[in-house]
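Chain by chain, the residues run as shown.
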Amino acid sequence: MNTFGHLFRVTTFGESHGPAIGCVVDGCPPGMAISAETFVTDLARRATGKSRHTSARHEADAVEILSGVYEGITTGTPIALLIRNTDARGKDYDRIVEQFRPGHADYTYWQKYGIRDPRGGGRSSARETTMRVAAAVIAKQWLLDRHGVRVRGYLAQIGEVVPRTTDWAAVESNPFFWPDVAQVSELEAYMDALRKSGDSVGARVTTIATGVPPGWGEPIYGKLDSELAAAMMSINAVKGVEIGDGFAAVAQRGSAHRDEATHAGFLSNHAGGILGGISSGQAIVVSTAFKPTSSLRLPARGLDVHGDEVEIVTTGRHDPCVGIRATPICEAMMALVLMDQALRHRAQCGDVGEVFPRIPPGAAM
Ligand code: EPS
């Protein structure tokens, strides 16, 4: 399945070291102003080669709009976006053509299809997330213009390092999307030492949507939180997703977890802005755990396609922490889910209008 969403429907295609990657966005409302320029900022935020702490691959990531836009305005027909791969180097993978890299999808793709594109993992490469970010640029723009919804994220942990403060102004000022500017040099040193060691590390991304009105999300099987969890889980290397307090709720009392309300608004946001699968009007808060990158130059034991035990070393241009580039990707998946749910809400309940009383969201994130 390479298609995501119901009414705002995104299909991606392409391989990491093939000629191009792309997507088709179907169901986009007409009348939106979109040009190749629209995509530049978010694609650059996600791109490789921006700092010494991420993969050194230099892709142009230039979007070509092939359809669905006439004189800079969306027409309501499918929008096809294409990005040509400009720095593919499939030869980097010659030595693992017949090997299953530990921690990678090589073995499972092999078991499923009986064939695989070994060049950077082909379709399983995080290169594919470029197109999610591109499609979500449209969703972000619609959410902001139409509903004042803002989707933002930050890196909330690398290995054992956690930010001491959360300052949105800091997030875009460093290559980590780190919300505590005072810690950036510590992180630089941490990542330099890690890269030198040849190893990798995991990370956590927090993604927050503000301005979401109450009512988005569909019980029972289209719950907003279940779709957000599925969306985040579909990102390469993701191993865990929490909504609001997530697993911390296990040790809480109900009297503490329930989010009380007064005329001033909700007093806390343990629920992460979702009750019964439907947005409450509070900030929607999702936390996503990324595993440490599996592509390592440190030798590991594994099997090859002949069933022989081999020593496996992965060369290429890899991220020692995939989480560092994941913030825009998490934002993208949240935006895609929200836009799809917004359109679905409008379709079924658009005539319901604003219902009394509306509890102010309150200050709690
Ligand atoms: C990736 C491995 C690296 C990254 C790539 C994702 O690519 P290569 O196969 O060239 O070593 O550079 O990321 C991108 C190209 C991108 O645009 O995100 C992987 O194994 O997922």
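Caption draft 1: Just the sheet that holds strand β9 (residues 203–210), in detail. Across the sheet, which stays open at both edges, the four strands sit in the order β8-β9-β15-β10 with antiparallel pairing between neighbours. At either margin of the open sheet sits one strand with a lone partner, and together these are β8 (150–158) and β10 (238–243). Strand-to-strand, the axes of this sheet are offset by a mean angle of 20°, without reference to chain direction. Strand direction decides the pairing type here: β8 and β9, joined by eight bridges, are antiparallel. Residue pairing across strands places V151 opposite A209, the latter belonging to β9. Sitting on the sheet, helix α6 (residues 224–233) is in contact with β9, β10 and β15 (284–290), with an inclination near 155° to β10.

Caption draft 2: Broad picture of the pattern of salt bridges. In total, this model carries 28 salt bridges according to the counting rule given. Its salt-bridge partner being E331, residue R45 comes within 2.8 Å of it at the nearest N-O pair. Of the two residues, R45 is situated in helix α1 (residues 40–46) and E331 in helix α8 (residues 327–349); the sequence distance between them amounts to 286 residues. Across the pair, E331 and R45 agree in class, each one buried. It is possible to trace a salt-bridge network through shared partners that takes in D42, R45, K140, E172 and E331.

Rules used in this analysis
- Here, residues in each chain are numbered from 1, in the same order as that chain's written sequence.
- For a predicted model such as this one, the threshold for reporting local features is a pLDDT of at least 70, and the threshold for listing and counting side-chain atom pairs is 80 or more; totals across whole chains, interfaces and linings nevertheless cover every residue.
- The basis for the side-chain values is all heavy atoms of the structure; hydrogens and waters are excluded.
- Two strands pair under a simple rule: DSSP has to find at least two bridges between them.
- Numbering of helices and strands runs from the N terminus; a helix is a DSSP stretch of H or I covering at least four residues, while a strand is a stretch of E covering at least two.
- Helix axes are fitted only over the stretch in contact, all axes being lines through C-alpha atoms; the angle between N-to-C directions runs from 0 to 180 degrees.
- Residue contacts follow a heavy-atom distance rule, with two residues in contact if any of their heavy atoms lie within 4.5 Å.
- For salt bridges, the criterion is a side-chain nitrogen of Lys or Arg within 4 Å of an Asp or Glu carboxyl oxygen.
- We call a residue buried when its accessible area falls under 20% of the maximum for its residue type, exposed when it is over 50%, and partly exposed in between, using a 1.4 Å probe and counting protein chains only.

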